[in-house]
Amino acid sequence: MEAAADLQDTASLALKFEFNPKLGIDNPVLSLAEDYDPSDLWSLERPRFYLLNKEEGRTFGFHLQQQPGRAGHVVCRVEPGSSAQRQGLREGDWILGVNNHVVEHEDYLMVIRRIRASGPRVLLTVLAQHVHEVARAQRGNNTTHLCPPLGQRVRPRLCHVVKDEGGFGFSVTQGHRGPFWLVLSSGGAAERAGVPPGSRLLEVNGVSVEKLTHNQLSRKLWQSGKQVTLLVAGPEVEEQCRQLGMPLAAPLAEGWALPTKPRCLHLEKGPQGFGFVLREEKGLDGRLGQFLWEVDPGLPAEKAGMQAGDRLVAVAGESVEGLGHEETVSKIRAQGSRVSLIVVDPKADRFFSMVRLSPLLFLESTEAPDSPRGSGSVSAVETNSPLVDTTVAPVPCSFRQCFLYPGPGGGYGFRLSRVASRPGLFISQDGVLASDLL
């Protein structure tokens, strides 16, 4: 089965960072040029980092494959012209990490969920196929030392600063090589918003400042009005990323004093069902999404905290971004009489769209609202078209339900294949194990 996505002492890692000028300042993609010394065998044991951008209406542009009978996840195909190809992701690369999570020994579907939940940007840690084979021969299955995550509280911060009588509470200085640094006013707005002293400024309202001049940055801050969202990295974070060779990437960030957050609703089916209507319509960014309407007073949805106009982001922790209406309904129904929905209201939707990050990345930074397990819960989904309440048994997390419709030629677009020495049947396309495009 495939799905799309992208060694030695990590303190010795040294990678060179370059920004891709083709995508411009408003859509930065970080590229790391490889600087291998063929005569240095130890230099082969180095992971590569790729910060991929999902462009409007497109995917990251790669397929991930699970090795039958083996741990690990391999890139099996890279789409021409995609973000993955432009950044240098190659067929055969092994995915070691997704953002700040080590995933080599995680379940295949969990890795897919992590990548999809990352939204429009994802940071992949990968290792070339031949390097991975050498590492496994030396250390067996224990290759986690190649992809150490950042420590707790040692991550870039996304801080929302609200101007007070003293302004934003920081001034900007610029180093001789271009980076911007923040000098905080004691007790000022920036300090209260969680900006660490001596922070390097990375983004303003979701836009990279790496290529901005001081005047351009000043203008952007002025245009922000009374509030601004900053992506910053404190000195400790910058030093640890430097030692690991890891870019200071937005998907690694933790949220501090954010103006809004995603909400997790726990619904349990009542005698009258959910008490809401799920509709597919265009959102604030013009893209189709699944929205919750007609929340009935006193029924489980309202008791769980659902509000009319909320956009559905995930079902049982799995992102529904890009899914059609029927597939989303099926995912909810498959949960049985209890389901967990992650939603954002219009304000949160605008905020996370502006910073170009998925709200699912910030669930760990927020507390799920208390919800009565007996009253706020869902079982049968109501939609804007007639729907029969056909509750099905919950589907184990390692399984997926797929509802297929025949194509123009009458077929479903897949073949069943067998793998030597493996029980069961596998889905394939033209004799190759099928993959999920990410």
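The residue numbers shown here count from 1 along each chain, following its written sequence. Only residues with pLDDT of at least 70 get local features here, since the model is predicted, and only at 80 or more are side-chain atom pairs given and counted; chain-wide, interface and lining totals rely on the full set of residues. Based on all heavy atoms of the structure, the side-chain values leave hydrogens and waters out of the count.

Asks: Quick rundown of the nonpolar core? Include the residues and the values.
Replies: Among the buried residues, those of types Ala, Val, Leu, Ile, Met, Phe, Trp, Tyr and Cys that are joined through side-chain atoms within 4.5 Å form a nonpolar core. For each residue, the accessible area found with a 1.4 Å probe, counting protein chains only, is set against the maximum for its type, and the residue is called buried under 20%, exposed over 50%, and partly exposed in between. With 32 residues, the main nonpolar core has Leu 123, Leu 158, Met 246 and Leu 357 as its most contacted residues. Helix and strand assignments come from DSSP, with helices taken as H or I runs of at least 4 residues and strands as E runs of at least 2, each series counted from the N terminus. Counting residues per element, the ones that place at least two in this core are β3 (48-53), β14 (227-233), α6 (235-244), β19 (311-315), β21 (338-344) and α9 (346-355). At 4 residues, the largest contribution of residues to this core is made by α9.

Asks: So what's going on with the pairing of strand β9 (residues 157-162)? Residues and values would help.
Replies: Here β9 lies mainly inside the structure; 5 of its 6 residues are buried. In this structure, β9 lies alongside β14, joined through 6 bridges in antiparallel fashion. Paired with Leu 158 across the strands is Leu 231, a residue of β14. In this scheme, strands are said to pair when DSSP sees at least two bridges between them. In this sheet, strand β15 (residues 254-256) lies alongside β9 in parallel orientation, the contact comprising 3 bridges. Counted as the bridge partner of Cys 159 is Trp 256 from β15.

Asks: Now, about the packing of aromatic side chains: what can you tell me, with residues and values included?
Replies: The relation between two aromatic rings is expressed through the spacing of the ring centres and the mutual angle of the planes. When two rings of Phe, Tyr or Trp (its six-membered ring) have centres within 6.5 Å they constitute a pair, described as stacked for plane angles under 30 degrees, edge-to-face for angles over 60, and tilted for the intermediate range. Applying the stated rule across the entire model yields 4 aromatic pairs. Note on Phe 168 and Phe 170: the rings are 6.1 Å apart at their centroids and 15° apart in plane angle, and the pair reads as stacked. Residue Phe 168 is classed as buried on the basis of its relative accessible area, which comes to 10%. What makes Phe 170 buried here is its relative accessible area of 14%. For the ring pair Phe 274 and Phe 276, a centre distance of 5.2 Å and an interplane angle of 15° mean the geometry is stacked. A relative accessible area of 0% places Phe 274 in the buried class. Taking relative accessible area as the criterion, Phe 276 reaches 1% and is therefore assigned buried. Here the aromatic residues Phe 351, Phe 352 and Phe 362 are joined through ring pairs into a cluster of three or more. The ring of Phe 168 has Lys 163 lying over it, and the distance from NZ or CZ to the ring centre is 4.8 Å. Whether a charge lies above a ring is judged from NZ of Lys or CZ of Arg, which has to be within 6 Å of the ring centre and within 35 degrees of the ring normal.

Asks: A description of the environment of Gly 255 should follow, citing residues and the corresponding values.
Replies: Its place among the elements puts Gly 255 in strand β15. Along the backbone, Gly 255 and Leu 361 are 106 residues apart, and their C-alpha atoms lie at a distance of 9.0 Å.

Asks: Just give me the short version of the pairing of strand β4 (residues 62-66), but keep the residues and values in it.
Replies: Consecutive side chains along a regular strand alternate between the two faces of the sheet. Most of β4 sits out of view: 4 of its 5 residues are buried. When β4 meets strand β5 (residues 73-78), the two strands line up antiparallel, connected through 5 bridges. For Gln 66, the partnering residue across the bridge sits in β5 and is His 73.

Asks: Pulling in residues and values, what's your account of the side chain of Asn 100?
Replies: Tracing the backbone through its elements, the reader meets Asn 100 in the loop between β6 (94-98) and β7 (101-102). What makes two residues a contact is simply this: any of their non-hydrogen atoms within 4.5 Å. Excluding anything up to four places from it in sequence, Asn 100 contacts Pro 149, Leu 150, Arg 155 and Leu 252.

Asks: Outline the pattern of salt bridges, listing residues and values.
Replies: Salt bridge, as used here, is a side-chain nitrogen of Lys or Arg placed within 4 Å of a carboxyl oxygen of Asp or Glu. As enumerated under the stated definition, the model contains 15 salt bridges in all. Across the pair Asp 93 and Arg 48 runs a salt bridge, and its minimum N-O distance is 2.6 Å. Highlighted residues: Asp 93 in the loop between α1 (83-87) and β6 and Arg 48 in strand β3, separated in sequence by 45 residues. With respect to class, Asp 93 is no different from Arg 48; both count as buried. Ionic pairing is found between Arg 311 and Asp 349, a salt bridge with its closest N-O pair at 2.9 Å. Here Asp 349 lies in helix α9 and Arg 311 lies in strand β19, a separation of 38 residues in the sequence. Look at the salt bridges and you will find they share partners, linking Arg 113, Glu 318 and Lys 331 into a network.

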